[in-house]
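# Observations on the model geometry
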Amino acid sequence: MHQRDIRNIVVLTGAGISAESGLATFRGPDGLWEGHRVEDVATPEAFRRDPTLVQRFYDARRARLKEVEPNAAHRALARLDAEWPGALLIVTQNVDDLHERAGARRILHMHGELNSAWCLGCDARARWTDELSSQPPCPACGAEGMLRPDIVWFGEMPYEMERIDDALRDADLFVSIGTSGAVYPAAGFVQTARYCGARTLEMNLEPSLGSTYFHETRIGAASVLVPEFVDEMLGNRTVR
Ligand code: APR
């Protein structure tokens with residue numbers, strides 16, 4: 001596909017793009033936390049059963065965020081965004097803030113964000129970078145013990161689905177980076193985009209579960225493949 005034909009690029013990212021920053025993926029060898037499967041602490045049932053355990057899990061992940069930095073893959077996408085204004089939408093399953101810190105602008109966090117808290121009492125959302133397990137009061141209504149991580153757990157509805165669906169339908173190019181393709185609805189985005197006419201490309205350490213749906217699969221580390229892809233995309237800009 002020639003760059004001249006591309007106006008809208010949707011990039012879906014998963015845990016693999018942040019792995020080289022030092023954040024563990026979910027289904028890799030480090031995908032455990034204090035002996036719990038991640039899925040077992042990422043459900044509404046787990047939160048009802050043992051809220052302190054779940055809060056501590058997210059407190060640990062939120063604290064870890066402060067120790068890591070965006071890597072070359074996050075930075076390359078930010079460069080694409082800066083040098084081709086308006087073309088790129090990043091849809092991320094990640095709850096970290098590494099795309100933002102790299103400088104990308106249009107980002108939809110479909111699975112929520114670690115640095116956000118949601119009050120089950122008044123429904124307010126607040127930026128939150130500290131721990132929640134000590135049951136701090138809600139900054140909006142003052143209720144104690146009502147703040148939960150603003151994370152979409154298994155069995156909950158992902159955020160921004162309408163905007164994502166519109167973007168997939170308008171996409172000329174759909175690129176999936178660092179996701180295993182194990183979790184829907186994100187795993188099905190390639191099919192929507194392709195059905196609606198987009199070229200589809202995945203970049204991952206191994207073929208994802210949905211790799212047969214992609215026109216092209218590139219195998220390797222995101223920190224190498226994504227900068228190469230962005231160079232390729234920006235290489236022909238003058239002919240647009
Ligand atoms: N470069 C590219 N790909 C990588 C790298 C890397 N450096 N490191 C790992 N990967 C790949 C792995 O091979 C794997 O296929 O990234 C993928 C990560 O897959 P998962 O751990 O399943 O993460 P993800 O697909 O984002 O999980 C989806 O599941 O637990 C939930 O809500 C959570 O958003 C998450 C969702």
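These figures come from a predicted structure and were not determined experimentally.

Taken together, the neighbourhood of the ligand is formed by 21 residues, with Glu 20, Phe 26, Arg 27, Thr 179 and Ser 180 sitting nearest. Residue Glu 20 places a side-chain N or O atom 2.8 Å away from a nitrogen atom belonging to the ligand. The separation between an oxygen atom of the ligand and a polar side-chain atom of Asn 204 is 2.9 Å. The protein chains hide 92% of the 740 Å² of surface that the ligand would expose on its own. With 3 residues, the single largest contributor to the shell around the ligand is helix α1 (residues 15–19). Classifying every residue of the shell around the ligand gives 8 nonpolar, 10 polar and 3 charged.

Parsing the protein chain into structural domains produces domain 1 (1–23 + 71–111 + 157–240) and domain 2 (27–67 + 115–151). Domain 1 and domain 2 are separated by 27 Å when their C-alpha centres are compared. Counting residues at the interface gives 11 residues for domain 1, matched by 9 residues for domain 2. Applying the counting rule to domain 1 against domain 2 returns 0 salt bridges. Each residue belonging to the side of domain 1 that touches domain 2 can be placed in one class, and the counts come to 5 nonpolar, 3 polar and 3 charged.

A few words on the layout of surface pockets. If you add up the space inside the largest pocket, you get close to 850 Å³. Taken together, 45 residues make up the lining of the largest pocket; nearest its centre are Ala 15, Phe 26, Arg 27, Thr 179 and Ser 180. Counting residues per element, the ones that place at least two in the lining of the largest pocket are α1, α2 (38–41), α4 (51–65) and β10 (199–204). Split by residue class, the lining of the largest pocket holds 25 nonpolar, 14 polar and 6 charged. Domain assignment of the residues forming the lining of the largest pocket places at least three in each of domain 1 (1–23 + 71–111 + 157–240) and domain 2 (27–67 + 115–151).

Parameters and conventions
- Residues numbered from 1 in each chain as written.
- Predicted model: local features only at pLDDT ≥ 70, side-chain atom pairs only at ≥ 80, totals over all residues.
- Heavy atoms only, no water.
- Near = heavy atom within 4 Å.
- Polar contact = N/O pair within 3.5 Å; in protein donor to acceptor, adjacent residues only side chain to side chain.
- Areas by Shrake-Rupley, 256 points an atom, 1.4 Å probe, with all protein chains shown as cover.
- Helix = DSSP H or I, 4+ residues; strand = E, 2+ residues; numbered from the N terminus.
- Nonpolar A, V, L, I, M, F, W, Y, C, P; charged D, E, K, R; others polar.
- Domains from an automatic or database assignment.
- Contact = heavy atoms within 4.5 Å.
- Salt bridge = Lys/Arg side-chain N within 4 Å of Asp/Glu carboxyl O.
- 1 Å grid on protein atoms, 1.4 Å probe; cavity = no way out; pocket = protein on both sides within 12 Å on 5 of 7 lines; lining within 4 Å.
- Points joined across faces, edges and corners; volume = space filled by probe spheres on them.

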